[in-house]
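Topology and contacts: notes
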2 protein chains.
Amino acid sequence: MADIRVIEVKESVFADNDRKADELRARLRREGMFLLNLMSSPGSGKTTTLLRTAEALRDELSLAVMEADIDSDVDARTMVDAGVRSIQVHTGGMCHLDAAMTEQGLDALVATGGPVDLAILENVGNLVCPAEFDTGASANAMILSVPEGDDKPLKYPLMFSICDVVLINKIDAMPIFDFDLARATENIHLRNPRAEVIPICAKTGEGIEAWAAWLRRAVAAWKGDAA
Amino acid sequence: MADIRVIEVKESVFADNDRKADELRARLRREGMFLLNLMSSPGSGKTTTLLRTAEALRDELSLAVMEADIDSDVDARTMVDAGVRSIQVHTGGMCHLDAAMTEQGLDALVATGGPVDLAILENVGNLVCPAEFDTGASANAMILSVPEGDDKPLKYPLMFSICDVVLINKIDAMPIFDFDLARATENIHLRNPRAEVIPICAKTGEGIEAWAAWLRRAVAAWKGDAA
């Protein structure tokens, strides 16, 4: 089994996380790296979605993943076993990553083989605290999974309001859960009218092409290659 | 539609939350009230489980619910519409409740009609932060739902280690998710050998009698009525 690179990150000494986040974003832009901050509840399917994403974009973009968790290296192991460049980031009990922690993770990721077109931070599974800290990422994405229910944008408003794109995962489970896609989309747009909503099933691959297309456009725009 | 009592709770000024929690527990014991702190990820089925619980225990115990959320009164409305005594507690953006916030909520709940045998705090949906703050409750319970996956005890160790009982909900969805009940139980006991594990399906009512029996015993023991 491959060795998993695990890094312990420490909470920021910066009083002003927003300033640190802006600095990191400027660096990312200079270095032509797009960093996606992917958030969700525990168990919404972040890791499976990332496996599918890596598969879809493998031939076009260099991609690497930072798996953040309080403990365990379960997710980085899954990624590495699937051939995806990945490190495990441990937050030392912290419920979120700030910009300084994110940069420590990014430096460790770059050290494993140089810069990438697309770096993805799989944030700690939590709909509350990660929304409060700008990580310095190029864009914020979140996954809402069908079993969680279509009322979540009402209960976790900040998370939905800061995301550029919301993936609705596990849509294959829609028949057995009381989840209305139109109502979910309406609740999301109530919090954030500009959020793109993309229904997917990471397990079957449904919708992954639309998600990959979103990422392609975002990365190209970030690098200034496209309109 | 019934009016929903909403209370805004403030973070504790107590430096020592543990002391405040012990004081609240002593008060609960004096007043013969059992307070259950119910935690989980967003969307694991806490509210539906509480509706079933109230149904199962209605004729034996007086029961009331504090629905804690960052925003919205969706859950308290659901409970009140079902005839369950309930208030909505808003945490003002906070990702958890501490003992002082819990006591503010409890006082507001008691003000709606006197003490109860069983008060239940539905904590903010979050597997990280609520585990770090003793609310002063008589017991801690959590729900792990099948779609979240059986690896969650590995990723959120503290939450599983502080719970007296873990309900595994949505077991009707087991056939369509990769969730192994034996492996989940093993992972839970790895974190907490004493945790009781009760599989349920809040939607169909399966397992609710076992859960109600656990609560009956716990309330009776707390009141000193039973061995």
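Located above this text is the structure these notes cover.
Okay, so let's go over this structure. Keep in mind the model is a prediction, meaning the values are calculated, not measured.

Observations concerning the relation of the copies chain B and chain A
By a simple turn and slide, chain B fits onto chain A: the slide is 0.0 Å along the axis, the RMSD is 0.0 Å, and the turn is 180°. On the angle and the small slide along the axis, the relation comes out as a two-fold axis. Mapped onto chain A, 100% of the interface residues of chain B again fall at the interface, so both copies present the same surface.

As for the sheet that holds strand β5 (residues 118-122) of chain B
Residue and element names in this part refer to chain B. Strand order in the open sheet made by the eight strands is β1-β4-β3-β5-β2-β6-β7-β8, with parallel pairing throughout. Looking along the sheet, the strands with just one partner apiece sit at the ends: β1 (6-8) and β8 (196-199). Ignoring which end each strand starts from, the neighbouring axes of this sheet average 25° apart. In this structure, β1 lies alongside strand β4 (residues 86-90), joined through three bridges in parallel fashion. Each bridged residue has a counterpart across the sheet, and for Ile7 the counterpart in β4 is Val89.

Description of the nonpolar core
Residues Leu36, Leu118 and Trp211 of chain A together with Leu36, Leu118 and Trp211 of chain B are the most contacted members of the largest nonpolar core, which totals 147 residues. What Trp211 of chain A contacts, discounting residues up to four positions off in sequence, is Leu36, Thr49, Thr53, Ala141, Val165, Leu167 and Ile198 of chain A.

Let's talk about the pattern of salt bridges
All names here are of chain A. The final tally for this structure, using the stated rule, is 38 salt bridges over all chains. For Arg25, the salt bridge identified is with Asp22, shortest N-O distance 2.8 Å. On the criterion of helical spacing, the pair formed by Arg25 and Asp22 is a turn pair, its members being three residues apart in helix α1 (residues 17-30). Using a relative accessible area of 47% as the deciding quantity, one classes Asp22 as partly exposed.

Some details on the side chain of Ser41 of chain B
Inspection of the secondary structure puts Ser41 of chain B in the loop between β2 (34-40) and α2 (46-57). Non-local contacts of Ser41 of chain B, meaning those with residues more than four positions away in its chain, are made with Pro42 of chain A together with Lys46, Gly125, Asn126, Leu127, Ile143 and Glu148 of chain B.

Describing the pairing of strand β3 (residues 63-69) of chain A
Residues and elements named next belong to chain A. Here β3 lies mainly inside the structure; seven of its seven residues are buried. Here β3 shows no split at all, with Leu63, Val65, Glu67 and Asp69 on one side and Ala64, Met66 and Ala68 on the other all buried. Looking at chain direction, β3 and strand β5 (residues 118-122) are connected through five bridges and run parallel. Pairing of Glu67 across the sheet is with Glu122, part of β5. Pairing geometry for β3 and strand β4 (residues 86-90), over five bridges, is parallel. Bridge pairing in β4 places Glu67 opposite Gln88.

Considerations on the packing of helix α1 (residues 17-31) of chain B against helix α4 (residues 99-111) of chain B
Residues and elements named next belong to chain B. Closest axis-to-axis distance for the α1/α4 pair is 8 Å, and the angle between their directions is 30°. The orientation of α1 relative to α4 falls into the category roughly parallel. For the pair formed by α1 and α4, the contact residues are Asn17, Lys20, Ala21, Leu24, Arg27 and Leu28 on the first element and Ala99, Ala100, Thr102, Glu103, Leu106 and Asp107 on the second.

Looking at the sheet that holds strand β7 (residues 165-169) of chain A
Strand pairing in a sheet takes place through backbone hydrogen bonds and is either antiparallel or parallel in direction. Residues and elements named next belong to chain A. Read from one edge of the open sheet, eight strands run β1-β4-β3-β5-β2-β6-β7-β8, paired in parallel fashion. Pairing within the sheet leaves two strands with one partner each, and these edge strands are β1 (6-8) and β8 (196-199). Adjacent strand axes in the sheet meet at a mean angle of 25° when their direction is disregarded. Helix α2 (residues 46-57) rests against β2 (34-40), β3, β5, β6 (139-145) and β7 of the sheet, and its axis sits at about 175° to β3. Sitting on the sheet, helix α4 (residues 99-111) touches β1, β2, β3, β4 and β5, and the angle it makes with β3 is about 135°.

Remarks on the packing of α2 of chain A against helix α3 (residues 74-81) of chain A
Axis angle and axis distance: for two packed helices, these are the angle between their axes and the distance between the axes, and together they describe the pair. Residue and element names in this part refer to chain A. Axis separation between α2 and α3 bottoms out at 10 Å; the angle between their running directions is 20°. Here α2 lies roughly parallel to α3, going by the angle between them. In this structure, α2 meets α3 at a crossing whose hand is right-handed. On α3, the residues touching Thr47, Leu50 and Leu51 of α2 are Asp75, Thr78 and Met79. Residues that form the contact of α2 with α3 fall into these classes: three nonpolar, two polar and one charged.

Overview of the interface of chain B and chain A
Taken together, the contact pairs 32 residues of chain B with 32 residues of chain A. Buried surface at the junction of chain B and chain A, summed over both partners, amounts to about 2400 Å²; 59% is from carbon and sulfur atoms. The three residues of chain B that bury the most area against chain A are Pro42, Lys155 and Ile176 of chain B, which together make up 23% of that side's buried surface. Where chain B meets chain A, there are four salt bridges. In this structure, Asp75 of chain B engages Lys155 of chain A in a salt bridge whose closest nitrogen and oxygen atoms are separated by 2.8 Å. Taken together, the connections running from chain B to chain A amount to nine residue pairs in polar contact (both at pLDDT 80 or more).

Section: unusual backbone geometry
All names here are of chain B. Positive phi is not limited to glycine here, since Ser72 has a value of about 75°. Note on placement: Ser72 falls in the loop between β3 (63-69) and α3 (74-81). Ser72 gets classed as buried once you look at its relative accessible area, which sits at 14%.

What about α1 of chain A?
Residues and elements named next belong to chain A. In this model, α1 (14 residues) spans 20 Å end to end at C-alpha, consistent with the 20 Å of a helix rising 1.5 Å per residue. Here α1 has its buried residues at Asn17, Lys20, Ala21, Leu24, Arg25, Arg27 and Leu28. Looking straight down α1, one finds that the buried residues subtend no more than 160° of arc, so they occupy a single side. Summarising the contacts, the buried residues of α1 are in contact with β2, α4 and α8 (208-223). Residue Asp16 occupies the N-cap position of α1, its side-chain oxygen lying 3.1 Å from the main-chain nitrogen of Asp18. Remark: Gly32 follows α1 within two positions and exhibits a positive phi of approximately 65°.

Rules and cut-offs
- Residues numbered from 1 in each chain as written.
- Chains lettered and ligands numbered in written order.
- Predicted model: local features only at pLDDT ≥ 70, side-chain atom pairs only at ≥ 80, totals over all residues.
- Heavy atoms only, no water.
- Least-squares fit on C-alpha atoms with pLDDT ≥ 70 in both.
- Contact = heavy atoms within 4.5 Å.
- Pairing = 2+ DSSP bridges.
- Helix = DSSP H or I, 4+ residues; strand = E, 2+ residues; numbered from the N terminus.
- Axes fitted to C-alpha atoms, helices over the stretch in contact; angles between N-to-C directions.
- Core = buried A, V, L, I, M, F, W, Y, C linked by side-chain atoms within 4.5 Å.
- Buried < 20%, exposed > 50% of the residue type's maximum accessible area, 1.4 Å probe, protein only.
- Salt bridge = Lys/Arg side-chain N within 4 Å of Asp/Glu carboxyl O.
- Parallel < 35°, antiparallel > 145°, perpendicular 65-115°, else oblique.
- Left-handed = near helix turned anticlockwise from the far one by under 90°.
- Nonpolar A, V, L, I, M, F, W, Y, C, P; charged D, E, K, R; others polar.
- Buried area = accessible area lost by both parts, 1.4 Å probe.
- Polar contact = N/O pair within 3.5 Å; in protein donor to acceptor, adjacent residues only side chain to side chain.
- Expected span 1.5 Å × (residues − 1).
- Arc of directions from axis to C-beta.

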